[in-house]
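Listed here are the chains, written in short residue letters.
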Amino acid sequence: RRLGRLETKRVRRFRVIVEHHQLPPPAPNLLHQRFAAPALNRVWVGDVTMVPTRGGWLYVVVLLDLCSRRVIGWAMREKPDQQLTLTALAMAIRQRRIHPGLIHHSDQGVQYSCVAYQQQLLGLGITPSMSRKGNCYDNAVAESFFSTLKNELVHHQMYPTREEASREIFAFIEGFYNRQRLHQSLGYLSPLDFEDRISES
């Protein structure tokens, strides 16, 4: 209705349309919260987290060997795209030998569900496994690593830049976590010491 040539303007609603058909269906959960592996390179677990900096979010992804809890692949970028997880996977492949039946477990995030990542796993002969939707307990080992990273490093400071955060996280992973941090589940050995121990037996 018009009064004095004034008319209400209707604002169109903004809708985000997500095209789920571009993603393959999630892989089955093959771990069922059994967080142990009989040997190295039998199960790898991965996850992505965000670290705040004054320059914006830094996205961090890791791949751990479930047997030794060692971080065998990692990457950091300013965008949570598929290149982030593909870079971490490439690092893990350079460092480790892939055994038949190797399981790769993650959540259902798009970085892992995307066609490029799933094709890479398929081409390497790696079997994908995924947590149930919204169930963080299904990927508890990777979640635990990020809890350790944040409680022992990230929460104690605010990084001015992504570059500084990246340097400190790199030092934490390679200089402290893999080499020095003791794990109760490993008989109070560090991941690297544990791997040395089982390689001698």
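Treat the numbers as computed from the prediction; the structure is a model and nothing was measured.

Novice: Can you help me understand the sheet that holds strand β5 (residues 127-130) in this one?
Specialist: Hydrogen bonds between backbone atoms are what pair the strands of a sheet, whose relative direction is either parallel or antiparallel. Taking strand neighbours across the sheet as the criterion, the five strands line up as β3-β2-β1-β4-β5 in an open arrangement whose pairing is mixed. Of all strands in the sheet, those bounded by a partner on one side alone are β3 (71-77) and β5. Strand-to-strand, the axes of this sheet are offset by a mean angle of 20°, without reference to chain direction. On the sheet, helix α1 (residues 82-95) packs against β1 (43-51), β2 (58-65) and β3 and is oriented at approximately 150° with respect to β3. Contacting β2, β4 (103-106) and β5, helix α3 (residues 115-124) runs over the sheet at an angle of about 135° to β5.

Novice: So what exactly am I meant to see when it comes to the side chain of S68 here?
Specialist: Along the chain, S68 falls in the loop between β2 and β3. By relative accessible area, S68 is classed as buried at 0%. At 2.7 Å, the side chain of S68 forms a polar contact with the side chain of E195. Residues within four places of S68 in sequence aside, it is in contact with L40, R96, L186, P191, F194 and E195.

Novice: What exactly am I supposed to notice about the packing of helix α4 (residues 140-152) against helix α5 (residues 162-177) here?
Specialist: Helix-helix packing: each pair is described by the crossing angle between the helix axes and the interaxial distance. Remark: α4 packs on α5, axes separated minimally by 11 Å, with the N-to-C direction vectors making an angle of 110°. Relative to α5, α4 is oriented roughly perpendicular. Where α4 abuts α5, its residues F145, T148, L149 and E152 lie against I169, F172, I173, F176 and Y177. Looking at the contact of α4 with α5, its residues break down into seven nonpolar, one polar and one charged.

Calculation notes
- Residues numbered from 1 in each chain as written.
- Predicted model: local features only at pLDDT ≥ 70, side-chain atom pairs only at ≥ 80, totals over all residues.
- Heavy atoms only, no water.
- Pairing = 2+ DSSP bridges.
- Helix = DSSP H or I, 4+ residues; strand = E, 2+ residues; numbered from the N terminus.
- Axes fitted to C-alpha atoms, helices over the stretch in contact; angles between N-to-C directions.
- Contact = heavy atoms within 4.5 Å.
- Buried < 20%, exposed > 50% of the residue type's maximum accessible area, 1.4 Å probe, protein only.
- Polar contact = N/O pair within 3.5 Å; in protein donor to acceptor, adjacent residues only side chain to side chain.
- Parallel < 35°, antiparallel > 145°, perpendicular 65-115°, else oblique.
- Nonpolar A, V, L, I, M, F, W, Y, C, P; charged D, E, K, R; others polar.

The values are spatial; any link to function lies outside them.
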